[in-house]
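One letter stands for each residue in the lines below.
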Amino acid sequence: QGAELLGNTTLTDYCDSVRKIRCVYATRFSVQHTPKGSQENVTFFWNPCNAFNVGQGETKNDCTVKKNVAVCEEMVVSDSPAEERSYINLGVQSSVTFQHDAVRYGGGTNGRNTFIHLSCDKHGSPEDSELKYLDDNGNLFVFALTSVCACPDGCRESTPSSGLSPGSILLIVFFTLLGVYLLVGIGYQVIINKASGKEILPNSAFWCALPAFVKAGVQYLFCCNQEGGDKGVYKQF
């Protein structure tokens, strides 16, 4: 018994107002059951996300993607020479409905239905999910799923990051505007004002004086602005 994990592709989710299952894993659950006094070995398969194929090539097969299967019963007659196998559809994906803490499928072979109780396991992980067979009357099949994915938002996938932080966006905008400023300014100085040398830099007088302004500001901050400092020196700057 247990879950057979088939990959880790994120899929769509089904939900109702009470419970939510997030298909974080492309999961197909399987559980085995041998009826008392029977020579048949039975395996049940359930995929809460997508239709699937089981037993391809078998003549008695209602469990295919084409038939939109959600729950399938595989029956193997162990005492037959070739271990005859048959596959019965117990419910289709398009029929899924939620009933408080359970999920139900209909539309299976000859009107078969499946009822799956959902039990929240807050301390588990998706890989620990376990499907158990409970009972059936030949028409209605009952199972129980214990999983963190049966908890509200238990398997919620984190929102993918855009890859750019606000700081990165600001830097991109800043350097883009700086590039436009330099290109347009230099072009204006060269073409319109016929400037050459360092004069082609737009607002060259300001940029040449900027280092001196920075030096003066630093000196005032660490010297003249301190208690006991000579604040009269600042006037010289």
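First things first, this report covers the structure right here in the doc.

### Quick notes on the state of the cysteines
Argument step 1. For the structure on display, the rule yields two disulfides.
Argument step 2. Shown here is the disulfide that connects Cys63 with Cys72, its sulfur atoms set 2.0 Å apart. Taking the sign of the torsion about the S-S bond as the criterion, the disulfide between Cys63 and Cys72, at about 95°, is right-handed. Grouping residues by exposure puts Cys63 and Cys72 together as buried.

### Quick notes on the pattern of salt bridges
Argument step 1. A full pass over the atoms with the stated rule returns two salt bridges.
Argument step 2. Close ionic contact of Lys67 with Asp62 constitutes a salt bridge, the shortest N to O distance being 2.8 Å.
Argument step 3. For Glu74, the salt bridge goes to Arg85, with nearest N and O atoms at 3.1 Å. A residue pair is termed long-range when its members are at least 10 positions apart, and Glu74 in strand 6 (residues 69-77) and Arg85 in strand 7 (residues 85-92) qualify at 11 residues.
Argument step 4. In this structure Arg85 comes out as partly exposed when scored by relative accessible area, which is 29%.

### Let's talk about the pairing of strand 9 (residues 102-105)
Argument step 1. Where strand 8 (residues 97-98) and strand 9 come together, two bridges link them in antiparallel fashion. Bridge pairing in strand 9 links Phe98 to Val103.
Argument step 2. Connecting the antiparallel pair strand 8 and strand 9 is a turn made up of three residues, with His100 showing a positive phi of about 60°.
Argument step 3. Pairing of strand 9 with strand 10 (residues 113-120), which is carried by four bridges, proceeds in the antiparallel orientation.

### Some details on the environment of Tyr188
Argument step 1. For Tyr188, the location among the structural elements is in helix 1 (residues 166-191).
Argument step 2. Sequence separation between Tyr188 and Pro202 is 14 residues; the distance between their C-alpha atoms is 8.2 Å.

### Remarks on the packing of aromatic side chains
Argument step 1. As enumerated under the stated definition, the model contains eight aromatic pairs in all.
Argument step 2. Ring plane angle 75° and centroid distance 5.0 Å describe the contact between Phe44 and Phe143, whose orientation is recorded as edge-to-face. Taken as a pair, Phe44 in strand 5 (residues 40-46) and Phe143 in strand 12 (residues 140-147) lie far apart in primary sequence, 99 residues in all. Per residue, the accessibility class of Phe44 equals that of Phe143, and both read buried.
Argument step 3. Ring geometry for Phe206 versus Trp207: centroids 5.1 Å apart, planes at 70°, classification edge-to-face.
Argument step 4. We classify Phe206 as partly exposed; its relative accessible area is 43%.
Argument step 5. Among the aromatic side chains, those forming a connected cluster through ring pairs are Phe44, Tyr133, Phe141 and Phe143.

### Overview of unusual backbone geometry
Negative phi values dominate among residues other than glycine, just as trans dominates among peptide bonds.
Argument step 1. A positive phi angle, near 55°, is found at Asn110, a position not held by glycine.
Argument step 2. Summarising the element assignment, Asn110 is placed in the loop between strand 9 and strand 10.
Argument step 3. According to the relative accessible area criterion, Asn110 is exposed, its value standing at 71%.
Argument step 4. Phi is positive for Asn203, which is not a glycine, with a value near 55°.
Argument step 5. Note on placement: Asn203 falls in the loop between helix 1 and helix 2 (204-224).

### Describing a nonpolar patch on the surface
Argument step 1. Side chains of Leu164, Ile169, Ile172, Val173 and Leu177 sit close together on the surface and give an oily, nonpolar patch of about 450 Å² of accessible area.
Argument step 2. For Leu164, the position within the fold is in the loop between strand 12 and helix 1.
Argument step 3. Given the relative accessible area of 45%, Leu164 is considered partly exposed.

### Looking at the nonpolar core
Argument step 1. Grouped together as the largest cluster of nonpolar side chains are 22 residues, with contacts concentrated most on Phe44, Trp46, Val103, Tyr105, Ile116, Leu131 and Phe143.
Argument step 2. The set of elements that each furnish at least two residues to this core consists of strand 4 (27-33), strand 5, strand 6, strand 7, strand 9, strand 10, strand 11 (130-136) and strand 12.
Argument step 3. Judged by nonpolar contacts, the second largest core, of seven residues, contains Phe52, Val54, Cys63 and Tyr87.

### Some remarks on the side chain of Gln93
Argument step 1. In this fold, Gln93 is placed in the loop between strand 7 and strand 8.
Argument step 2. A distance of 2.9 Å separates a polar atom in the side chain of Gln93 from the backbone oxygen of Asn50.

### As for the sheet that holds strand 9
Argument step 1. Read across the open sheet, the five strands follow the order 8-9-10-12-11; overall the sheet is mixed. Here the strands that pair on one side only, and so sit at the sheet edges, are strand 8 and strand 11.

The rules behind each value
- Counting restarts for each chain, with residues numbered from 1 along the sequence as it is written.
- Two thresholds apply to this predicted model, a pLDDT of at least 70 for residue-level local features and 80 or more for giving and counting side-chain atom pairs, whereas whole-chain, interface and lining totals are computed over all residues.
- Hydrogens and water molecules were not included; the side-chain quantities draw on all heavy atoms of the structure.
- In plain terms, two cysteine sulfur atoms within 2.5 Å form what is called a disulfide here.
- The buried label goes to any residue with under 20% of its type's maximum accessible area, the exposed label to any with over 50%, and the partly exposed label to all in between, with areas taken from a 1.4 Å probe on protein chains only.
- Salt-bridge detection follows one rule: a side-chain nitrogen of Lys or Arg within 4 Å of a carboxyl oxygen of Asp or Glu.
- Put simply, DSSP marks the helices as runs of H or I at least four residues long and the strands as runs of E at least two long, and each gets a number from the N terminus on.
- By the convention used here, strands pair only if DSSP detects at least 2 bridges between them.
- The rule is short: rings of Phe, Tyr and Trp, with Trp giving its six-membered ring, pair when the centres are within 6.5 Å, and they are stacked under 30 degrees, edge-to-face over 60, tilted in between.
- In this analysis, a patch consists of residues with relative accessible area above 30% that form no salt bridge, clustered at 9 Å for like charges and at 5 Å for the nonpolar side chains Val, Leu, Ile, Met, Phe, Trp and Tyr.
- Here the Shrake-Rupley method, with its probe set to 1.4 Å, supplies the accessible areas, and only the displayed protein chains count as covering residues.
- Throughout, nonpolar core names a set of buried Ala, Val, Leu, Ile, Met, Phe, Trp, Tyr and Cys residues whose side chains join them through atoms within 4.5 Å.
- Between N or O atoms, a polar contact is any pair within 3.5 Å; within protein, one atom must be a potential hydrogen donor and the other a potential acceptor, and residues adjacent in sequence are included only when both atoms are from side chains.

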